[in-house]
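Topology and contacts: notes
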Number of protein chains: 2
Amino acid sequence: MLTPGRAATLALLLEATSDPTPGNVDRGHDHGDTALHQFVGSAVAVGPALAPAAEGAPLGATVEEAAAASGRHRGGNTHFGAILLLAPLVAGAGAGDPVDGAEGAVEATTVEDAERFYAAFDHVEVALPPIAETDVDPALDARDPRAARAAVRDRGLTLADLMAAGAEDDGIAREWTEGFPATADAADRLERHHDPAAVDGVEQAVVATHLALLADRPDGHVATVHGRDVAEQVRDRAAAVRDDDGDLAAFDAELVERGINPGTTADIVAGGLYLALRRDGGFRP
Amino acid sequence: MLTPGRAATLALLLEATSDPTPGNVDRGHDHGDTALHQFVGSAVAVGPALAPAAEGAPLGATVEEAAAASGRHRGGNTHFGAILLLAPLVAGAGAGDPVDGAEGAVEATTVEDAERFYAAFDHVEVALPPIAETDVDPALDARDPRAARAAVRDRGLTLADLMAAGAEDDGIAREWTEGFPATADAADRLERHHDPAAVDGVEQAVVATHLALLADRPDGHVATVHGRDVAEQVRDRAAAVRDDDGDLAAFDAELVERGINPGTTADIVAGGLYLALRRDGGFRP
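All values derive from a computational prediction rather than experimental measurement. (Residues numbered from 1 in each chain as written. Chains lettered and ligands numbered in written order. Predicted model: local features only at pLDDT ≥ 70, side-chain atom pairs only at ≥ 80, totals over all residues. Heavy atoms only, no water.)

With that settled, consider the interface of chain A and chain B. On the chain B side, the residues contacting the 36 residues of chain A number 36 residues. The largest share of the area that chain A buries against chain B comes from R27, H37 and V199 of chain A, three residues that together contribute 30% of it. In this assembly, chain A and chain B are joined by two salt bridges. A salt bridge links D30 of chain A to R27 of chain B; the shortest N-O distance between them is 2.8 Å. (Contact = heavy atoms within 4.5 Å. Buried area = accessible area lost by both parts, 1.4 Å probe. Salt bridge = Lys/Arg side-chain N within 4 Å of Asp/Glu carboxyl O.)

What follows is about helix α14 (residues 248–258) of chain A. Residues and elements named next belong to chain A. All buried positions along α14 are accounted for by L248, F251, D252 and L255. Angularly, the buried residues of α14 cover 100 degrees about the axis, an arc narrow enough to put them on a single face. Elements that come into contact with the buried residues of α14 comprise α11 (201–216) and α13 (228–243). Between the side-chain oxygen of the N-cap and the backbone nitrogen of A249 there are 3.1 Å, and the N-cap of α14 in question is D247. Trailing α14 by a residue or two, G259 shows a phi angle of about 70 degrees, which is positive. (Buried < 20%, exposed > 50% of the residue type's maximum accessible area, 1.4 Å probe, protein only. Helix = DSSP H or I, 4+ residues; strand = E, 2+ residues; numbered from the N terminus. Arc of directions from axis to C-beta. Polar contact = N/O pair within 3.5 Å; in protein donor to acceptor, adjacent residues only side chain to side chain.)

Moving on: the nonpolar core. Ranked by size, the top nonpolar core spans 151 residues in total, and within it F117 and Y274 of chain A together with F117 and Y274 of chain B carry the most contacts. In contact with Y274 of chain A, other than residues within four places in its own chain, are P4, A7, A8, A11, L86, L89, V90 and A93 of chain A. (Core = buried A, V, L, I, M, F, W, Y, C linked by side-chain atoms within 4.5 Å.)

The next thing to look at is the environment of T17 of chain B. Position of T17 of chain B relative to the elements: it lies in the loop between α1 (4–16) and α2 (36–50). Not counting the four nearest positions on each side in its chain, T17 of chain B is found in contact with T17, L36, H37 and V40 of chain A together with R27, L36 and E203 of chain B.

A separate point is unusual backbone geometry. Note that the residue after D19 of chain A, namely P20 of chain A, is joined by a cis bond; omega there is -5 degrees. The topology assignment puts P20 of chain A in the loop between α1 (4–16) and α2 (36–50). The phi dihedral of F180 of chain B falls on the positive side, at around 60 degrees, and the residue is not glycine. Within the secondary structure, F180 of chain B sits in the loop between α9 (171–178) and α10 (181–193). Accessibility expressed as a relative area gives 0% for F180 of chain B, which makes it buried. Despite not being glycine, D245 of chain B has its phi angle at roughly 50 degrees, a positive value. By the secondary structure assignment, D245 of chain B is in the loop between α13 (228–243) and α14 (248–258).

Turning our attention to the relation of the copies chain A and chain B. Overlay of chain A on chain B (RMSD 0.0 Å): rotation 180 degrees, translation along the axis 0.0 Å. The superposition operator between the copies reduces to a two-fold rotation axis. In terms of C-alpha distance to the rotation axis, chain A has R27 of chain A as its closest residue, with the C-alpha 3.0 Å off the axis. Interface overlap between copies is the fraction of interface residues in one copy that are interface residues in the other; for chain A against chain B it reaches 100%, indicating a shared surface. (Least-squares fit on C-alpha atoms with pLDDT ≥ 70 in both.)

Let us look at the packing of α11 of chain A against helix α15 (residues 263–278) of chain A. Residue and element names in this part refer to chain A. One way to put it is that α11 packs onto α15 with a least axis distance of 10 Å and a crossing angle of 130 degrees. Relative to α15, the element α11 lies oblique. Between α11 and α15 the crossing geometry is right-handed. Between α11, through V206, T209, H210, L213 and L214, and α15, the contact on the second element is made entirely by T265, A266, I268, V269 and L273. (Axes fitted to C-alpha atoms, helices over the stretch in contact; angles between N-to-C directions. Parallel < 35°, antiparallel > 145°, perpendicular 65-115°, else oblique. Left-handed = near helix turned anticlockwise from the far one by under 90°.)

As structure tokens, then:
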């Protein structure tokens with residue numbers, strides 16, 4: 001079985017090198033400010049930075065280290081959401097069920113983890129929704145990490161508390177808070193869609209799972225950057241493509257043209273790939 | 001600076017995820033029996049398997065371990081040539097000049113390294129030329145690893161001796177024997193072609209270097225599989241595309257159509273990427 005760190009790297013790589021994953025940087029196209037090679041470089045750096053979590057390293061420090069490792073390339077943010085999702089999954093690697101293990105790791109987070117989480121924002125530029133449009137207390141706004149660190153100290157908030165506060169507005173925070181249901185679902189879908197006899201079986205499974213998740217719920221990153229209406233539109237289009245066996249390449253081109261990248265869906269697929277690669281079910285390239 | 005193992009993984013990934021690299025599995029297309037995802041999975045496994053060479057692990061054992069790690073996917077051979085090229089480069093990582101260090105590692109190889117080299121063929125299916133068409137003694141034919149191991153023991157041949165015997169017919173063996181000139185040249189070309197201001201600067205450098213190497217000399221893998229005349233034809237076509245600013249995508253499609261993949265050139269580009277990534281010159285995605 002792959003070590004947790006290598007499974008994390010491979011999961012990020014398999015997500016980025018499949019095509020088409022509508023609107024996201026993928027095997028088929030770059031974005032103007034970030035290319036596939038930045039995702040590749042980041043993936044190679046992130047796995048080893050997450051690995052210590054499997055040996056008991058605190059989640060906050062792990063997220064900060066991985067964000068710093070990910071940010072050592074040019075181009076925009078690549079893997080911040082995926083890092084936040086993978087860190088507890090890696091931390092849960094020793095448990096019989098890795099998702100149970102991840103839930104335990106979330107419950108065990110401390111105030112110091114919350115402080116280190118804010119420090120991660122020094123290393124990457126992350127798209128955040130206007131704080132007034134969210135349910136989050138303005139004192140916890142990651143755009144002012146120094147003030148936010150003081151607030152979590154004053155109030156004794158753990159990283160799990162912070163994620164619970166953001167769960168309404170952020171798909172990854174929701175995974176932390178609800179026990180990783182979308183990620184586990186993505187892993188199941190990947191295995192169901194995987195044809196082990198096909199040389200490109202994993203790529204086809206990634207493509208099918210991306211579309212299924214996009215059709216199921218509005219993408220959080222799209223909602224943050226373009227608003228909830230656009231996120232709903234994208235979901236409706238994805239559902240139509242899936243249900244009517246529509247033109248996936250045209251849908252991809254349309255999102256790229258409009259500058260819409262469903263990054264939360266990509267993060268969840270990467271989390272699902274990590275879980276599937278760590279299972280003993282023959283899910284591998 | 002990237003550790004030697006991570007630089008090896010990243011080098012293999014950047015080579016495979018650039019497009020077009022004429023005839024080879026790349027970002028743009030798979031082959032019928034091997035897809036990009038097998039190269040990705042192999043790259044993630046090969047780096048950590050090569051890393052011990054930087055700490056003094058013997059080259060023969062390192063090549064066998066890396067070949068075994070590389071072979072744990074479905075699909076055909078991905079990285080055997082690249083492993084053989086990268087192993088001495090990784091072993092030379094501690095030297096002031098990594099190519100000098102690699103030459104020292106080659107000179108230090110033993111009879112046991114030669115025996116372990118043959119054991120690597122148990123893990124991967126490697127294309128080999130008909131032994132009668134080569135300058136290699138039939139007793140050393142890797143198609144009968146058991147007999148070949150006995151022969152190297154009897155004659156006291158080191159792995160460097162074996163590579164010298166194969167240098168006429170194999171581009172990687174020639175690198176071992178001549179001090180890695182094509183690999184160092186590839187690293188220089190990659191740096192020259194790299195525009196650090198372009199988000200896809202590394203990909204464009206890989207594409208330009210591939211074409212330049214293909215135009216410079218006949219590819220060894222093509223000569224092995226299709227004969228020397230075909231390898232010369234491919235070189236002439238590459239030179240024409242380069243010199244007349246011809247249609248690179250059409251050249252790529254033509255080689256794919258004919259089932260011709262210049263695998264030795266891909267190995268040398270990967271070796272050059274490894275050296276460029278380990279230099280302190282800002283060559284990174």
